[in-house]
Each structure stands twice: as C-alpha cells, then as structure tokens.
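# Coordinates in review
Now for the letters of each chain:
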Amino acid sequence: MANDPNGDSVNSVTTAQLTALTNNGIWGVGPTVDDAAANVGAALVATLRGTASGVLTSDLSEMTNNVLGVATVDFPRIEADDGVQLAAHTIKLNTGGPRPVVIVPAGWTPVGWPLFEYAHIMLALRGYHVLAYTPRGIGTTVANADGGYVDGPFTSGGTIDVGGPRDWADGSTVIDYAQEYFDPSAIGFLGESYGSGISQLVAANDPEARVSAVVALSTWGNLATSLYDHDTRHLQAVAALLSLTGGPVERKFDEATQQILRNFQDGTDLDQVVAWGTERAPQSYAEQTNARGIPTFFSNTWHEALFPVNQVIDVFTRLEVPKHLNLWIGDHAVPEGPGLIGSIGRNAAMAEAYAWLDHHLLGAANDVPSWPQVNNQIMFTYQTRPKPNGQNQVVTPARREPNASWEDVTTTVERWYLADDPSSGDDGALATNPGSGWSRGFTAGELTEARAMDAIMDTGKAEWNGNPKTYRTEDFDRGRLAVWLSEPLTARRIRGIPTVRLTMSGTDTSATLVAYLFDVADDDTARLVTHEPYTLVTLTPGEDVTVEWRLQAAGYDLPADHRLALVVNSKDPLYSDANVPGSTITIGSVADNESYVDLPLG
C-alpha cells in the first residue's frame, strides 16, 4: 500500500483483481463504482505522478513506464469562462511533429477522470495527446463540520449541468486549452455514458466546429425520452444517476435543476422536464452534426436501463455522416467498461472504438471504411461452461451480425394477433389470424414476477457473463397480469423494434401497461427478449381505448420448438405507474381493430 499526493491510500493492484474487473467492469453491487476499479485508476495516477511505486502489476507498470518515456504528464485545473475550475489531466507526447488530441470527459461517477486512466494511457500509447477532465460538479463532495462542503481532488467546481449549455461551453474551453497546450493536428472526443453525451453535444455546438470525430459509448440520443417516454417516468434510472453524483443534491445541482428533479420525481410540470431533456439531446442537433460531417461511433446495449436503446437508434438513423453502431448484450457500460479501466486481454468494444479514432484522426489505413454501419451482437448466442459456483462462464462470445444500415436489420414483420384460447383457462393465444370478441382482466397496481430486471447493472452484467435471468412462467400471477402464448414455433430471428397494439379499458381514470416479450422453453422457463411501459393518463372508466407503442429493439434468436409469449402487467420496479391499486385493467380485441404484436424478423 502507498499514499497518493492527496493523502489517500492506494492499494496494490493484483492480477486477480484485474481478472475480476475483466468480467465485472466498472460496477460493484448495484449502481456503484467497484472499489477495485477506482483503485486501479488511483494506482495508475499515483504511479505517473511519482508518488507511489510498486503498486502495479508488471504489465501496468510497463505501460506507465512507456508513457513516461514518451510524454509529459500534468494535472492542471482549467478555468471555465464563468470561473469554475475543471479538474483535468494531460498526457503530452514529446515525439516530433503534430499529433491529434483525444479529449475524454469523465463519466457520471464520484471518481471523476481517474477512473478511466487506463484508457488515457492506452490512447497515449496509440499516438494521441490526451486531455481528460471531470465535467463541472461531478466528483466526490463531503460535508464538513461547519455545514459547508469539501470537494475531492479530482472533483470539478460548479454544479452539474447535466449536459446542458454550460457543459457545451466548458467543452469549448477545454478545446481552447488543448489547442494552446498541444497544438494538435486534429481533435477527437471519446466519452462513456455522461461523457459520451457531452462529447456529442460539444461536437455539434462548438462555435468553431473544431471536433473531427466522436466515440460515444453507452450514450444517449435523447435525454428526454431516456428518462420519460410514453408518459412513463424512468424512476430507477434517475435514482441510480443521483446515487452516483458523489455528493448531496443540494450541493451538486443549482436550484433550477433541483426543481426539474423535483418535478420529475413528483410527476408535475413534465412539459418543462421534456423541454429540459430535449435541449440536452444530441438528436436535437443532428442537423448541425450532419452539416459538420462529424464521424460518430455509437455503442449501446439491448437491455440498457439508463438510456434505452431506441433513442440511440433514433439519433443514429438521423445522422448522414460516417457512422457506426454496435449493440451488445448487457446493460449500461458493461461491454466497454473493462476496456476503460484495465481489462486483461482484448476488449472488442474498446478495440473498435480506438480503430474508429485511428482512422479518422491518425489517418490509419485500417478496415474502418469497410465496416458495416451496424454490428449487432445476438442475445445469448454465446457458448458457456459451468463454474464451481453454479454460474456459467462464456467460452465463445455471442455471434455478431453486420448490417449495411439500421433499416437493413429488419427484413420482414410477422403479425401475431392476440386471441382467446378455449383450451387454457389462464392464458390467451398468439395466432396468425385476427380474433375479437374476447377479454382478459387483471388487478392493477401490484408488482409481479414479470419484470425487466432484478437490478440496474447487476442483471445486465450477469447476462453479459453468460447468466441471463431465467423466469418461471408458473410464477406469473395471472390475477395481476395477462399472458398470450404461441404454439411451439420454428426458429425465429427477431431483429429490430417490435410493436404492440392493444385495446384496453380500466375501472379508473389512469393506468399503466408494461408489455414484455418472452422466449418460453419447453420446460416453461423463459428469457426476456424486450419490454416497454406505456401510461394512459386520461381514461374514461369502462370505455375502450386502443393504444400502440414500440418496445425496445432486440436482436434475439428464438430457438425451434420454443414459444413466444406476450405478457402485460401494470407495474415494473424501473418505472412510475399511474394505477389505482385494486383497480382492474381489461384487455380485449375488437373487430376491425384487433390487438396484435408486430414481430420484426431479419
């Protein structure tokens, strides 16, 4: 153990820890940063600063020595135009001739920029100057005895602007600093999560249009629909983000933003929340990105809990620039996380991100120009072997499918009508022919075993590592949800965005529906394909209304002899709901307006 210059202990990094981080990535239990991940970053920083020695593995020690041999390392604070001090870190290559700089805004964590120090070193060793910084307000802040607050050494001043205009201006100020300090040949941005949204927004809004390429990992395309869509608030996503700010809300956000957060939590003045989120949406500036021709690389996950995949696809399809989209198994930052903090072996998500920058900033003659626009990892097609702890280990990664564009992912749509099933007293059927004149009711407002995940990050991390959540359909309480099942099917390649249309009525003036598509095996266990909630806030009790909405996109192979199930309940732990407990929701199908699921195939 050694001490860093700020008096904090730095534990030695072991190969065993790096092996664990290669599997688990950034996240500890729930939405927390893994202590080992934070320690790797701290140990790398302390070693580069010369305030710790002997705390790294031989491979990491060699990396830091190589960087110190070719670069000057510094830790400035960059002053924003309103006087706010931004914690920053530079790696300036001493090699002759101009080099590009990659600017890395930190993610939304209390650690700040040091969490990704491994990635900063990797960039420098690839031939880039590097400027990493913590966006304003982000980082550890603790209360002191006199009622004030003390910021950690890598915490930036000011309050969190959540990707707003202050963050855009800060990004331009950081570019100014980079131009003066490095005199770079080109400027790129690479960001994960919060840093990825800021990267897109700075690139689109920098007054001098100085950004030449962007890598946006686990990113958002529209912050408004990420947090509030189909009249449903994504409560757990916001709770997870608030838990990661590193300090109390009253210190981390100004009063205007605190009011937005209160409105979101209370479900009031949501038009203001939408306007606030839309201003922070890269999708709102797609025309500017197109006009500037900024090559943009996206990476996201099918079961993303913080920034669901459809809004990323929406902005991706609007862009008319060199672009690429990778979609992976898992949840937020799970695929690329290990490659950002110190993975052992190749991390495909980061390898491709680096290749993108190499081509567009270094002019590398790699295979990026021949890449398809889209490369989808197909859920759970990996090969696994059992481990002694009863879990599985991935031995062959899941298959990936290239497509020339997102529009080419879906080649046909198969319609499955909701129907009655006289042979089953509990469940309806999914049928190929329209059916009407039936109804199924259930009690609203209570949680069921049909839910999107057990916990944000945790469930997605498990499925990335070969252990997707298994549901027992017998545990689905038919008094609190409704199920429609197909017959055993030939194999289906689900590719794209499913749509659900339902005719429903309620006994109260509002209701929430959550639709799930499941793959059901012959032993009646199931895996989640996709889901999405929908809230109705102006129901007339007893009156039928037909609603149609998109579920989240999916890349899923339904095996032969498995059944497709549509499950509809009224409540999921991830979301707000507008149900009155004890009220009844009834789903039916009327002639010439039948209820159905449109299943995209490819």
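The rules behind the values
- Residues numbered from 1 in each chain as written.
- Predicted model: local features only at pLDDT ≥ 70, side-chain atom pairs only at ≥ 80, totals over all residues.
- Heavy atoms only, no water.
- Helix = DSSP H or I, 4+ residues; strand = E, 2+ residues; numbered from the N terminus.
- Polar contact = N/O pair within 3.5 Å; in protein donor to acceptor, adjacent residues only side chain to side chain.
- Salt bridge = Lys/Arg side-chain N within 4 Å of Asp/Glu carboxyl O.
- Buried < 20%, exposed > 50% of the residue type's maximum accessible area, 1.4 Å probe, protein only.
- Axes fitted to C-alpha atoms, helices over the stretch in contact; angles between N-to-C directions.
- Parallel < 35°, antiparallel > 145°, perpendicular 65-115°, else oblique.
- Left-handed = near helix turned anticlockwise from the far one by under 90°.
- Contact = heavy atoms within 4.5 Å.
- Expected span 1.5 Å × (residues − 1).
- Phe/Tyr/Trp six-rings, centres within 6.5 Å; stacked < 30°, edge-to-face > 60°.
- Lys NZ or Arg CZ within 6 Å of the ring centre and 35° of its normal.

Position of Asn403 among the secondary structure elements: in strand E19 (residues 400–403). Reaching out from Asn403, the side chain makes a polar contact with the backbone oxygen of Asp408 at a distance of 3.4 Å.

Enumeration over the complete set of coordinates arrives at 30 salt bridges. With a closest N to O distance of 2.6 Å, Arg400 and Glu352 form a salt bridge. Remark: Glu352 occurs in helix H15 (residues 348–362) and Arg400 occurs in strand E19; sequence separation between them is 48 residues. Since its relative accessible area comes to 24%, Arg400 is described here as partly exposed. You can call Glu352 buried: its relative accessible area is 12%. Within the structure, one salt-bridge network assembled from shared partners comprises Asp81, Asp82, Arg136, Arg166 and Asp170.

Right, let's get into the packing of helix H3 (residues 58–70) against helix H4 (residues 117–125). The N-to-C vectors of H3 and H4 enclose an angle of 50 degrees; their axes lie 10 Å apart at closest approach. Taken together, the axis directions place H3 and H4 in an arrangement best described as oblique. Considering the relative orientation of H3 and H4, their crossing is left-handed. Counting all contacts with H3, which are made through Leu60, Met63, Thr64, Asn66 and Val67, the residues of H4 involved are Tyr118, Ile121, Met122, Ala124 and Leu125.

Here the focus is H15. Between the first and last C-alpha of H15 there are 20 Å, a value that for 15 residues agrees with the 21 Å anticipated at 1.5 Å per step. Turning to H15, its buried residues number three or more, namely Ala349, Met350, Glu352, Ala353, Tyr354, Ala355, Trp356, Leu357, Asp358 and Leu361. With its phi angle positive at about 75 degrees, Gly363 sits one or two positions after the end of H15.

This part is about the packing of aromatic side chains. Here the structure, examined in full by the defined rule, presents 23 aromatic pairs. An angle of 70 degrees between the planes, with centres 5.1 Å apart, marks the rings of Trp113 and Phe154 as edge-to-face. Within this pair, whereas Trp113 is found in the loop between strand E6 (101–105) and H4, its partner Phe154 is found in the loop between strand E9 (149–151) and helix H5 (165–182), the two being separated by 41 residues in sequence. Comparing Trp113 with Phe154 shows no difference in burial state: the two are buried. Seen in terms of ring centroids, Tyr181 and Phe182 are 4.9 Å apart; in terms of plane orientation they differ by 70 degrees. Their pairing is edge-to-face. Tyr181 sits in the partly exposed class, given a relative accessible area of 22%. Stacked on the ring of Tyr181, the Lys or Arg Lys92 has its end atom at 4.5 Å from the ring centre. Sitting above the plane of the Phe316 ring, Lys323 keeps its charged end 4.5 Å from the centroid.

Interpretation note: all reported values are geometric properties and have no functional meaning in isolation.
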